[in-house]
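Chain by chain, the residues run as shown.
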Protein chains: 2
Amino acid sequence: MNERNHISIREAIRGRITDGEWAPGAMMPGETDLAEEYGCSRTTVNRALQKLAEDGLIERKRRAGTRVREIPSRQAKFRIPILRHEIEAAGGAYSSRVAFRETLKAPGFIQSRLRLATGARVLRLHTVHLSDGQPYAFEDRWVNIKAAPGVVDAPFDIISANEWLVREVPYSSGDVRFSAMAAGQIEAQALATSLGAPLFTVERTTWLRDLYITTTKLCYRPGYHMRTEL
Amino acid sequence: MNERNHISIREAIRGRITDGEWAPGAMMPGETDLAEEYGCSRTTVNRALQKLAEDGLIERKRRAGTRVREIPSRQAKFRIPILRHEIEAAGGAYSSRVAFRETLKAPGFIQSRLRLATGARVLRLHTVHLSDGQPYAFEDRWVNIKAAPGVVDAPFDIISANEWLVREVPYSSGDVRFSAMAAGQIEAQALATSLGAPLFTVERTTWLRDLYITTTKLCYRPGYHMRTEL
DNA sequence: CAGTGGTCTAGACCACCAG
DNA sequence: TGGTGGTCTAGACCACTGA
C-alpha cells in the first residue's frame with residue numbers, strides 16, 4: 001500500500017474521500033501538492049485523479065482545481081456478452097433453435113429504425129436461446145441485407161446470428177435500451193411461460209457509420225436479472 | 001485530424017480496426033511501430049491503445065503483443081443519476097410523496113442482505129416519485145439505522161431519501177440488479193397502473209467497507225426504458 | 001530469455017478560465 | 001493574467017510470458 005504506483009495512490013485518495021477528509025464540494029489539494037505528499041511525479045497523480053474523475057467521484061477544472069463531487073455520479077458498466085458465453089459462464093449448456101426465418105420488404109418501423117430506402121429487403125429471424133435445454137431468451141432480429149449480404153445463406157443452425165454478425169460485419173456504434181415488457185403470444189410460447197409475464201428486454205441497434213446493420217429485441221425468461229457493481 | 005494527440009490517434013486506430021485493416025484475431029503493430037508511424041512518442045500510443053483495450057476492441061498481452069479481439073466485447077456504461085435529476089433532465093417537474101415510513105426490527109431477508117445483527121433496527125420507506133405530478137417510479141427502501149443515525153429524523157418530505165443518503169453518508173461500493181417484475185398491489189396503486197403490469201426494476205445495495213447502509217428497490221412506471229450507447 | 005506492454009519520471013508547453 | 005489541469009516527450013526500468 002506504500003507503493004508509489006498510480007493504483008495505490010488512486011485508492012489511497014479514494015479512501016480519503018470516502019472517509020470524509022474532504023467534504024462533498026470541498027477543494028482538494030492540487031496535483032503538485034499531492035505529488036510531493038506521495039513522493040511521486042505529477043504525471044502519476046494526474047493519472048490517479050483522472051480515473052477518479054472518470055468514476056464520477058471528483059470534478060476537475062482547469063484553473064479552478066479539483067473538488068469532491070457534491071453528488072457522486074457513480075457509473076455502472078456492463079459488458080454485453082454473446083448470449084452463448086453468458087450461458088456457458090453460468091455453467092449451462094448452450095443451444096439455440098431458429099423458430100422463424102424469412103426475407104421480406106422492410107415494414108415501416110424497421111425501415112425507419114434502420115434508415116432503409118423504401119422497398120429495401122431485410123431478414124427477419126426468431127431465435128430461442130436455451131440453457132441446458134430450457135428456454136433462456138427469445139430473440140427477434142431484423143438484418144439489413146444490403147449491409148450483410150452473406151446473411152441470407154448463413155448457417156444459423158450452427159452459429160447464432162449475433163455471433164455470426166459480430167464476426168463477419170464490423171460495426172462502429174450501437175444503441176441499447178433496457179425495459180420490461182409483457183410476454184405476448186410469441187414470447188410466451190417461445191419461453192414456455194404465461195401470457196403477460198414480465199420479461200426483461202434488451203433492444204439493440206448497431207451501425208457502421210451511415211450503414212445500419214441490424215436491430216434486435218431480446219426477451220429474457222421470467223426471473224432473469226442483470227447484475228453489476230458500482 | 002492529423003493532430004498528434006492521443007485522442008486523434010486513438011480514433012484513427014479505431015477506424016482502421018472497424019475498416020478491417022486488421023482482421024479479428026490478427027496481430028497489430030507494436031507500440032513502437034505505431035509511434036513512429038504517427039510521429040509521436042510511445043507513451044501517447046500506449047494511452048490510445050489502453051483506451052481501446054478498455055473499450056473491449058483489442059486485447060493486449062506482454063510479450064504477445066496487441067491483437068484485435070475476435071469478438072468485440074463492447075461495454076455499455078450507465079450513469080445512475082439521482083431520480084430528481086433524471087426527471088428534470090427530461091423536462092419534467094420533480095416531486096415526491098412518502099407513502100410509508102416506519103422503523104422496525106429487520107426482517108430476515110433484510111437482515112441477511114444488509115449483514116445486520118439479530119434485532120438490528122431499520123427504517124423502511126415507501127416513496128412515490130412523480131414527474132409533472134404523474135407517478136414516475138415507486139421506491140421501497142430499507143436503511144440500516146446504525147449506519148445512518150440521522151435518517152430517523154431526516155426531512156424526507158423535503159429531500160428524497162436517496163439524495164439525503166448520498167449527501168450525508170459516504171459509501172464505497174454498491175451492487176445493482178436490473179430486472180422485470182409484475183406490479184403487485186402496492187406498486188400498481190402507487191404507479192396508478194394495473195395489477196401485473198410489467199415494471200422495469202432496479203435494486204441497489206450500498207455499503208462502506210463492512211458497514212451495509214441501504215438496500216432499495218425502484219420500480220419504474222410501465223413503458224419506461226433505460227437507454228445508452230455502445 | 002528476449003521482446004512486448006506497463007509504468008514512472010522530470011521537464012516542458014499549452015488551454016482554459018476564475019479572479 | 002496567473003495558476004490550474006491536460007498533455008506530450010524521451011528515456012528508463014520492470015513484469016510478464018510466449019517462443
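Residues numbered from 1 in each chain as written. Chains lettered and ligands numbered in written order. Predicted model: local features only at pLDDT ≥ 70, side-chain atom pairs only at ≥ 80, totals over all residues. Heavy atoms only, no water.

Within the structure, DNA strand C sits among 23 residues, and Asn5, His6 and Thr44 of chain A together with Arg42 and Arg60 of chain B are positioned closest to it. Backbone atoms, meaning sugar plus phosphate, form 60% of the atoms of DNA strand C positioned within 4 Å of the protein. At a separation of 2.8 Å, a sugar or linking oxygen of DNA strand C approaches a polar side-chain atom of arginine 63 of chain B. Take threonine 66 of chain B: an N or O atom from its side chain is 3.3 Å from a phosphate oxygen of DNA strand C. Put simply, the parts of the chain that give the surface near DNA strand C at least two residues each are α3 (42–54) of chain A together with α3 (42–54), β1 (58–61) and β2 (65–68) of chain B. It is α3 of chain A that provides the largest number of residues to the surface near DNA strand C, a total of four residues. Looking at the surface near DNA strand C, its residues break down into one nonpolar, eleven polar and eleven charged. (Near = heavy atom within 4 Å. Polar contact = N/O pair within 3.5 Å; in protein donor to acceptor, adjacent residues only side chain to side chain. Helix = DSSP H or I, 4+ residues; strand = E, 2+ residues; numbered from the N terminus. Nonpolar A, V, L, I, M, F, W, Y, C, P; charged D, E, K, R; others polar.)

Here we come to the interface of chain A and chain B. On the chain B side, the residues contacting the 50 residues of chain A number 50 residues. Of the roughly 4,500 Å² buried between chain A and chain B on both sides combined, carbon and sulfur atoms contribute 51%. Of all residues in chain A, the largest losses of buried area upon contact with chain B belong to Ile71, Arg79 and Leu230 of chain A, amounting jointly to 14% of the total for that side. At the boundary of chain A and chain B, one finds eight salt bridges. With its nearest N and O atoms 3.9 Å apart, the salt bridge here joins lysine 77 of chain A to glutamate 54 of chain B. Summed over the shared surface of chain A and chain B, the result is 25 residue pairs in polar contact (both at pLDDT 80 or more). Of all elements in the fold, only α3, β3 (75–79), α6 (161–168), β7 (173–182), β8 (198–208) and β10 (225–229) of chain A reach the threshold of two or more residues within the side of chain A that touches chain B. Broken down by element, the side of chain A that touches chain B gets its largest block of residues, ten residues, from β7 of chain A. (Contact = heavy atoms within 4.5 Å. Buried area = accessible area lost by both parts, 1.4 Å probe. Salt bridge = Lys/Arg side-chain N within 4 Å of Asp/Glu carboxyl O.)

The subject of this paragraph is α6 of chain A. Residue and element names in this part refer to chain A. For α6, a buried count of six out of eight residues is recorded, marking the element as mostly surrounded by other parts of the structure. Every buried residue belonging to α6 is among Ala161, Asn162, Glu163, Trp164, Leu165 and Val166, and all of these are buried. In the core, the buried residues of α6 are packed alongside α4 (83–89), β5 (121–131), β6 (134–144), β8 and β9 (211–220). (Buried < 20%, exposed > 50% of the residue type's maximum accessible area, 1.4 Å probe, protein only.)

Bringing the pattern of salt bridges into the picture now. Counting across every chain of the model gives 40 salt bridges over all chains. Arginine 16 of chain A is paired through a salt bridge with glutamate 37 of chain A; the nearest N and O atoms lie 2.8 Å apart. In this pair, arginine 16 of chain A sits in helix α1 (residues 6–18) while glutamate 37 of chain A sits in helix α2 (residues 31–38), placing the two residues 21 residues apart along the sequence. Close ionic contact of glutamate 163 of chain B with arginine 167 of chain B constitutes a salt bridge, the shortest N to O distance being 4.0 Å. Placement of both glutamate 163 of chain B and arginine 167 of chain B in helix α6 (residues 161–168) is noted, with a separation of four residues, approximately one turn of the helix. Among the ionic contacts, a cluster of salt bridges with common partners joins Arg10, Glu11, Arg14, Lys51 and Asp55 of chain A.

This part is about the UniProt feature "domain: HTH gntR-type" (unreviewed entry) in chain A. Mapped onto the present numbering, the UniProt feature "domain: HTH gntR-type" (unreviewed entry) falls on residues 3–71 of chain A. Helix makes up 49% of residues 3–71 of chain A and strand 12%, and the two end C-alpha atoms of the span are 30 Å apart. (UniProt positions renumbered as here; feature names shortened; annotations may be inferred.)

Quick look at the protein's contact with DNA strand D now. In the vicinity of DNA strand D lie 24 residues, with Arg42 and Arg60 of chain A together with Asn5, His6 and Thr44 of chain B positioned nearest. In the interface set of DNA strand D, defined as its atoms within 4 Å of the protein, sugar plus phosphate atoms amount to 59%. The side chain of arginine 47 of chain B places a nitrogen or oxygen atom 3.0 Å from a phosphate oxygen of DNA strand D. Listing elements by their share of the surface near DNA strand D, those giving two or more residues are α3, β1 (58–61) and β2 (65–68) of chain A together with α3 of chain B. The element best represented in the surface near DNA strand D is α3 of chain B, accounting for four residues. Of the residues belonging to the surface near DNA strand D, the class tally is two nonpolar, eleven polar and eleven charged.

As a further point, take the domain arrangement of chain A. Taken domain by domain, chain A comprises domain 1 (6–68) and domain 2 (83–220). In this structure, domain 1 of chain A and domain 2 of chain A have C-alpha centres spaced 44 Å apart. (Domains from an automatic or database assignment.)

Before going further, it helps to spend a moment on helix α1 (residues 6–18) of chain B. If you check α1 of chain B, its first and last C-alpha atoms are 18 Å apart, about what 13 residues at 1.5 Å a residue would give, namely 18 Å. Buried residues of α1 of chain B: Ser8, Ile9, Arg10, Ile13, Arg14, Gly15, Arg16, Ile17 and Thr18 of chain B, and no others. Looking at the buried side of α1 of chain B, the elements it contacts are β8 of chain A together with α2 (31–38), α3, β1 and β2 of chain B. Of the residues one or two after α1 of chain B, glycine 20 of chain B is the one with positive phi, at around 85°. (Expected span 1.5 Å × (residues − 1).)

With that settled, the discussion passes to the nonpolar core. In this structure, Trp164, Phe178, Phe200 and Tyr220 of chain A together with Phe178, Phe200 and Tyr220 of chain B are the most contacted members of the largest nonpolar core, which totals 69 residues. Setting aside anything within four residues of it in sequence, one finds phenylalanine 178 of chain B in contact with Phe78, Phe200, Tyr224, His225 and Met226 of chain A together with Ile80, Phe200, Thr201, Val202 and Met226 of chain B. The next biggest cluster of nonpolar side chains, apart from the first, holds 16 residues, and it includes Ile9, Ala35, Cys40 and Val45 of chain A. (Core = buried A, V, L, I, M, F, W, Y, C linked by side-chain atoms within 4.5 Å.)

Moving on to the relation of the copies chain A and chain B. Mapping chain A onto chain B leaves a residual RMSD of 0.1 Å; the transformation is a rotation of 180° accompanied by 0.0 Å of translation along its axis. These values place the two chain copies in the arrangement generated by a two-fold rotation axis. When the interface residues of chain A are mapped onto chain B, 100% of them again fall at the interface, so both copies present the same face. (Least-squares fit on C-alpha atoms with pLDDT ≥ 70 in both.)

What follows is about the sheet that holds β7 of chain A. Within a sheet, adjacent strands bond to each other through the backbone by hydrogen bonds, running parallel or antiparallel. Spatially, seven strands are ordered β4(A)-β5(A)-β6(A)-β9(A)-β8(A)-β7(A)-β10(B) in an open sheet, and the strand pairing comes out antiparallel. The outermost strands of the open sheet, each flanked by one partner alone, are β4 (94–105) of chain A together with β10 (225–229) of chain B. The sheet shows a mean angle of 15° between the axes of neighbouring strands, taken without regard to direction. Bridge count for β8 of chain A against β9 of chain A is eight bridges, and the pairing is antiparallel. By the bridge assignment, threonine 201 of chain A is partnered in β9 of chain A with cysteine 219 of chain A. Those strands touched by α6 of chain A are β5, β6, β8 and β9 of chain A, and its axis lies near 45° from that of β6 of chain A. (Pairing = 2+ DSSP bridges. Axes fitted to C-alpha atoms, helices over the stretch in contact; angles between N-to-C directions.)

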